[in-house]
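This is what each chain is made of:
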Amino acid sequence: MKEILIGLFLIFVVFILILIFNALRVKLTARKLTERKEHKTKEEQIEYAKRLAEMIKCETVSKEDSFDDTEFKKLRDVMKELFPLIHQKAEKKTFSDDCWIYKIKGKDESRNIILMSHHDVVAATGDWLHPGFCGEIFDDCLWGRGTVDTKTPLFAEFQALEELLSEGFIPECNVYIGSSHNEEIGGDGIPEALKYFKENNITFETVLDEGGAIISPPLAGIKANCAMMAVHEKGRYTLNCYAKDSSGHKGLAANSNTPVARMSAFITEVNTKNLFIKRLYPEVKGMFSHLCPYTPFVMTILFSNLWCFGSLLKTVMPKINAQAGAMVGTTCSFNEINTNKEEKYCHSKAFLRPVYESDLKEDLKQIEKIAKKYNIQLVPAENNECFKSTDVRNKSVEYTKKCINDIFPDVIPAPYILPAGTDARHLCSISESVIRFAPIEMNDKQFASVHSENEHISLEAIANSVVFYKYYLKNYK
């Protein structure tokens, strides 16, 4: 018995040593964060901000049911004035009402990359400290709708290319800049451009769009900002759910047999049961492996030993917060119930956001079982879509990380899964490398201002974005 206890103790000691060894190895081999130099002087930062302000003053609000070109034309005129060389040298095509695709030819015209953003914004409602489209510089920040989402990245892409062209730069491959006028409403801008790309057999080595940014640490204990690069975004799948009058339906109590009661019971069971597959997807593992060297040691032990603690993490993540939970599996929400008294049925919509299409198929089977129990008919919507992920070890991901490390040496780059949506999703079919990252640095207040009041960005962040894109294009091989 004594020998067994000693053996178990030794196994336990070896187990603990392995955990500690893995954590120490990760800590010791990680890139050391260093101090960032000031890339642009205060005067240069102000000059960039003044130029961007002219774009912010254009109220390019996209609307579901109509398109008024007045402010969009104003922005097009501003762009021509701000970036004359691009408009002189680039091929430009417009899709739908105002989706721009610019192309600068490279040395090797068989290769293509595209930088993306969007120039439409949401309305500037609410109580603002500075008017929503003022473009004012105050407290070392530029204020106005679009400063974060996403006219700053758009400005920086154009400004970087304009400066390079003025220096006689010829890119190694064709460089495209794409910007849609209706991204905020899930519009047809980039989808129309995609048709053109497919018709002309145009594919992209790299797609670099907005979606991630340099933000405050997403994990407690990390003391540096993090450059979150979304290498995947969640799909969209809508189920129309119908409960028809079936007063003669057996197996349910009479007082719970109405369409509304059955629909309510169905929704409750879907929302309260742990139905869906949970996984630590490669993108999530990549996020942990990139962040863990900079966490407190106990957390480093956890994240550097996912072989041991992975099951615990995928269980705990949904309980940490909704965004963390969204990265480990399909989420489902029901936002309304409607009744049709004449036709005697009740209708609701299940909005599902899957990570992988393969898991969604299994998740749908679980919903169908519950629907059958309550005699609910499920009809998929027509616009459902899932997207291809980019490998976290992809060459373009590694290059983007290198650029982040070189321009922002005090920042930690990490991949992740984007719960929201971008125009980049449409190009997954013509690119193996779709990365959603804009090099804008923002604090928690600025992050919270997206689609809310008082949207603003620091002057330094504007200038550093230009520096990043210029470096990215100049060194892309």
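Let us look at the structure shown here. Just so you know, these numbers come straight off a predicted model, no measurement behind them.

1. Things to note about the sheet that holds strand S11 (residues 331-340)
Part 1 of the reasoning: Across the sheet, four strands lie side by side as S11-S12-S10-S13; this open sheet has antiparallel pairing. Edge positions in the sheet fall to S11 and strand S13 (377-380), since each of these pairs with one other strand and no more. Adjacent strand axes in the sheet meet at a mean angle of 20°, parallel and antiparallel pairs treated alike.
Part 2 of the reasoning: For S11 and strand S12 (residues 345-353), the ladder comprises eight bridges, and the chain directions are antiparallel. Bridge pairing in S12 places Ser333 opposite Phe351.

2. Things to note about the environment of Thr147
Part 1 of the reasoning: Following the sequence through the fold, Thr147 ends up in the loop between strand S5 (141-143) and helix H5 (151-166).
Part 2 of the reasoning: Between the C-alpha atom of Thr147 and that of Gly135, which follows or precedes it by twelve residues, the distance is 8.6 Å.

3. Thoughts on the sheet that holds strand S16 (residues 456-458)
Part 1 of the reasoning: One open sheet holds the three strands; their spatial order is S4-S5-S16, and the pairing between them is antiparallel. Each edge of the open sheet carries a strand with a single partner, namely strand S4 (136-138) and S16. On average, each strand axis in the sheet is inclined to that of its neighbour by 30°, with strand direction left out of account.
Part 2 of the reasoning: Pairing of S5 with S16 involves three bridges; the strand directions are antiparallel. Note that in S16 the partner of Trp143 across the bridge is His456.
Part 3 of the reasoning: Against the sheet, helix H2 (residues 42-56) contacts S4 and S5, and its axis sits at roughly 10° relative to S5.

4. Here we look at unusual backbone geometry
Part 1 of the reasoning: Residue Thr150 is bonded to the preceding Asp149 through a cis peptide linkage, with omega at -10°.
Part 2 of the reasoning: Along the chain, Thr150 falls in the loop between S5 and H5.
Part 3 of the reasoning: Of note, the phi angle at Asp139 is positive, near 55°, even though the residue is not glycine.
Part 4 of the reasoning: Phi is positive for Asp140, close to 60°, though the residue is something other than glycine.
Part 5 of the reasoning: For Asp140, the position within the fold is in the loop between S4 and S5.

Definitions and cut-offs
- Residues numbered from 1 in each chain as written.
- Predicted model: local features only at pLDDT ≥ 70, side-chain atom pairs only at ≥ 80, totals over all residues.
- Heavy atoms only, no water.
- Pairing = 2+ DSSP bridges.
- Helix = DSSP H or I, 4+ residues; strand = E, 2+ residues; numbered from the N terminus.
- Axes fitted to C-alpha atoms, helices over the stretch in contact; angles between N-to-C directions.
- Contact = heavy atoms within 4.5 Å.

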